[in-house]
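Structural features, examined
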Amino acid sequence: MATPQPPPALPQYLQEYEFSQENRDFISSLPTEKGWIANHLHQYQGFWHATRHMQGVLASQKHFQALDTDILLVSTPKSGTTWLKAVLFALVKRVHYPDPQQHPLLTNNPHVLVPFLELDVYIEKQVPDLTCLAPPRLFSTHLPYVSLPDSVKNSACKVVYLCRDPKDTFVSLWHFANKLRAKSRGTISLEEAFDKFCKGVSLGGPFWDHVLGYWKESLERPEKVMFFKFEEMKEEPTLHLRRLAEFLGCPFSPEEETQGVADDILRLCSFDNLSNLDVNQSGKLSSGEENSTFFRKGEVGDWMNYLTDEMVERLDCINEEKLQGSGLKF
Ligand code: PAP
């Protein structure tokens, strides 16, 4: 008879962490709900964060000093962050890596090349020295606009915002949660997760408030915030890659256009290419998560395979109500 295996440990970043007494007291004063992956979510500045992430959220706000040359990729969780991290890195650092056989994306998961402020850079108690990083520095975050470090809002650093149809975002998040949940907690049902998502109680939620915060900024300061949807990128990748390059001040030159550099970047960062690399099939992040958890289907419309008519109706109503008058549609 096979020996029962112990359940895999929760990824390090999701485990409850040794907080300073000050942070512990603060976090315990926040509204708290049952989490999808880790035990708890805490509501801070109107948005929900896992316990372990709170340390990183607070430290990012306190310590991160954005430079005018920085690029910050902001996204709602499960909107295609991994993809856009790869695209951003390949685009912005293209002069450093002209040989496609030697590209860092072939041996590193995109999350390693473009770290999350609150989940990687500031997750430990020590404050890292980021001054030695070569410009443009690339970081990412799931923080809502209201919680961004002041230096991001007040400097000339660029913000690229990515979101995705909430139906597909939800389905992707539900799969992700069940992959990462400790075996001892069992799975979270589609119905329970859906109800929480609709009520805004999800990582980085409420989804609609997150999206609207950046949508508004992108309208008011288009030179600062560029707003992207996963679906647009899937439909017209070359067009949106060019838009991105122009926004970031590194447009493709006529020679690059002739050489097909944009297509090379998109090929390198495609779901098929990245998900089949050894590093993404069998590698792990230092936090313990398997790189493969970030690649599932990468398609538009997978929600049709999961959501009931009632669920679709409920989400459509919320979309209608929340996005009314904003000019934004999913
Ligand atoms: P994160 O928020 O935890 O960083 P994120 O990368 O935003 O995760 O979301 C993962 C989703 O992006 C997955 O979607 P799915 O569950 O609907 O399949 C994943 O498959 C998709 N994804 C990852 N890489 C790519 C890619 N290169 N092209 C398209 N989609 C991708």
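Here, every reference points to the structure presented above.
Our subject in this report is the structure included herewith. (Residues numbered from 1 in each chain as written. Predicted model: local features only at pLDDT ≥ 70, side-chain atom pairs only at ≥ 80, totals over all residues. Heavy atoms only, no water.)

A count of helical and extended segments in the chain gives 16 helices and seven strands. Principal-axis analysis of the C-alpha atoms places the extent of the chain at approximately 55 × 55 × 45 Å. Within the chain, the fraction of its 330 residues that count as buried is 55%. Once local pairs closer than 6 in sequence are excluded, the contacts in the chain between residues at least 24 apart make up 74%. On the chain, roughly 15600 Å² of surface is accessible, and the fraction owed to carbon and sulfur atoms is 52%. Positive and negative charge centroids in the chain, built from 34 and 44 side chains respectively, lie 4 Å apart. (Helix = DSSP H or I, 4+ residues; strand = E, 2+ residues; numbered from the N terminus. Buried < 20%, exposed > 50% of the residue type's maximum accessible area, 1.4 Å probe, protein only. Contact = heavy atoms within 4.5 Å. Areas by Shrake-Rupley, 256 points an atom, 1.4 Å probe, with all protein chains shown as cover. Lys, Arg positive; Asp, Glu negative; His and termini not counted. Charge placed at Lys NZ, Arg CZ, Asp CG, Glu CD.)

Attention now goes to the packing of aromatic side chains. Two descriptors summarise a pair of aromatic rings, namely the distance from one centre to the other and the angle between the planes of the rings. With the rule as written, the count across this model stands at 19 aromatic pairs. Both rings, one in Phe64 and one in Tyr122, keep their centres 6.5 Å apart while their planes meet at 75 degrees; by these two values the pair is edge-to-face. Taken together, the residues span a long stretch of sequence, with Phe64 in the loop between α2 (51–63) and β4 (71–75) and Tyr122 in the loop between α5 (117–121) and β5 (138–141) at a distance of 58 residues. Under the relative-accessibility criterion, Phe64 is labelled buried at 3%. Classification of Tyr122 by relative accessible area gives buried; the value is 2%. Geometrically, the ring pair formed by Trp174 and Tyr306 is edge-to-face, given 6.0 Å between the ring centres and 65 degrees between the ring planes. (Phe/Tyr/Trp six-rings, centres within 6.5 Å; stacked < 30°, edge-to-face > 60°.)

With that out of the way, let us pick up the sheet that holds strand β7 (residues 225–229). Taken in spatial order, the four strands line up as β5-β4-β6-β7 in an open sheet, and their pairing is parallel. Single-partner strands in this sheet number two, and they are β5 and β7. When strand polarity is set aside, the average angle formed by the axes of neighbouring strands in this sheet is 20 degrees. Note: strand β6 (residues 158–163) against β7, five bridges, orientation parallel. Its bridge partner lying in β7, Val159 is registered against Val225. The strands that helix α11 (residues 237–247) touches are β6 and β7; relative to β7, the one it contacts most, it runs at about 165 degrees. (Pairing = 2+ DSSP bridges. Axes fitted to C-alpha atoms, helices over the stretch in contact; angles between N-to-C directions.)

Here the focus is the site of the ligand. Taken together, 21 residues surround the ligand, and among them Thr81, Thr82, Ser172, Lys297 and Gly298 come closest. Here an oxygen atom of the ligand and a side-chain polar atom of Arg164 are 2.9 Å apart. Taken by itself the ligand offers 640 Å² of open surface, and the protein chains cover 97% of this. Judged by the proximity of its atoms to the pocket grid, the ligand belongs to the largest pocket. The leading source of residues in the shell around the ligand is helix α3 (residues 81–92), at three residues. The class makeup of the residues in the shell around the ligand is eight nonpolar, nine polar and four charged. (Near = heavy atom within 4 Å. Polar contact = N/O pair within 3.5 Å; in protein donor to acceptor, adjacent residues only side chain to side chain. 1 Å grid on protein atoms, 1.4 Å probe; cavity = no way out; pocket = protein on both sides within 12 Å on 5 of 7 lines; lining within 4 Å. Sits in = over half its atoms within 2 Å of the grid points. Nonpolar A, V, L, I, M, F, W, Y, C, P; charged D, E, K, R; others polar.)

Let's shift gears to the sheet that holds strand β2 (residues 40–44). Pairing in this open sheet of three strands is antiparallel, and the strands run β1-β2-β3 from one edge to the other. The strands lining the two open edges of the sheet, one partner per strand, are β1 (32–34) and β3 (47–50). On average, adjacent strands in this sheet sit at an angle of 35 degrees to one another, irrespective of strand direction. The pairing of β2 with β3 spans four bridges and is antiparallel. Residue pairing for β3: Gln43 is matched across the bridge by Trp48.

To locate leftover empty space, one rolls a probe as large as a water molecule over the atoms. A volume near 860 Å³ is recorded for the largest pocket. Lining the largest pocket are 49 residues, with Lys78, Gly80, Thr81, Thr82 and Phe294 positioned closest to its centre. Top element by residues in the lining of the largest pocket is helix α7 (residues 166–180). It accounts for seven residues. Looking at the lining of the largest pocket residue by residue, the class counts come to 21 nonpolar, 15 polar and 13 charged. In this model, the second largest pocket occupies a volume close to 420 Å³. (Points joined across faces, edges and corners; volume = space filled by probe spheres on them.)

This part is about the pattern of salt bridges. One pass over the structure, following the stated rule, counts twelve salt bridges. Here Arg314 ties to Asp195 by a salt bridge, and the two come within 3.0 Å at their closest N and O atoms. Here Asp195 lies in helix α8 (residues 190–198) and Arg314 lies in helix α16 (residues 309–323), a separation of 119 residues in the sequence. Residue classification places Arg314 among the partly exposed positions, given a relative accessible area of 33%. Where salt bridges share partners, they join Asp195, Lys199 and Arg314 into one cluster. (Salt bridge = Lys/Arg side-chain N within 4 Å of Asp/Glu carboxyl O.)

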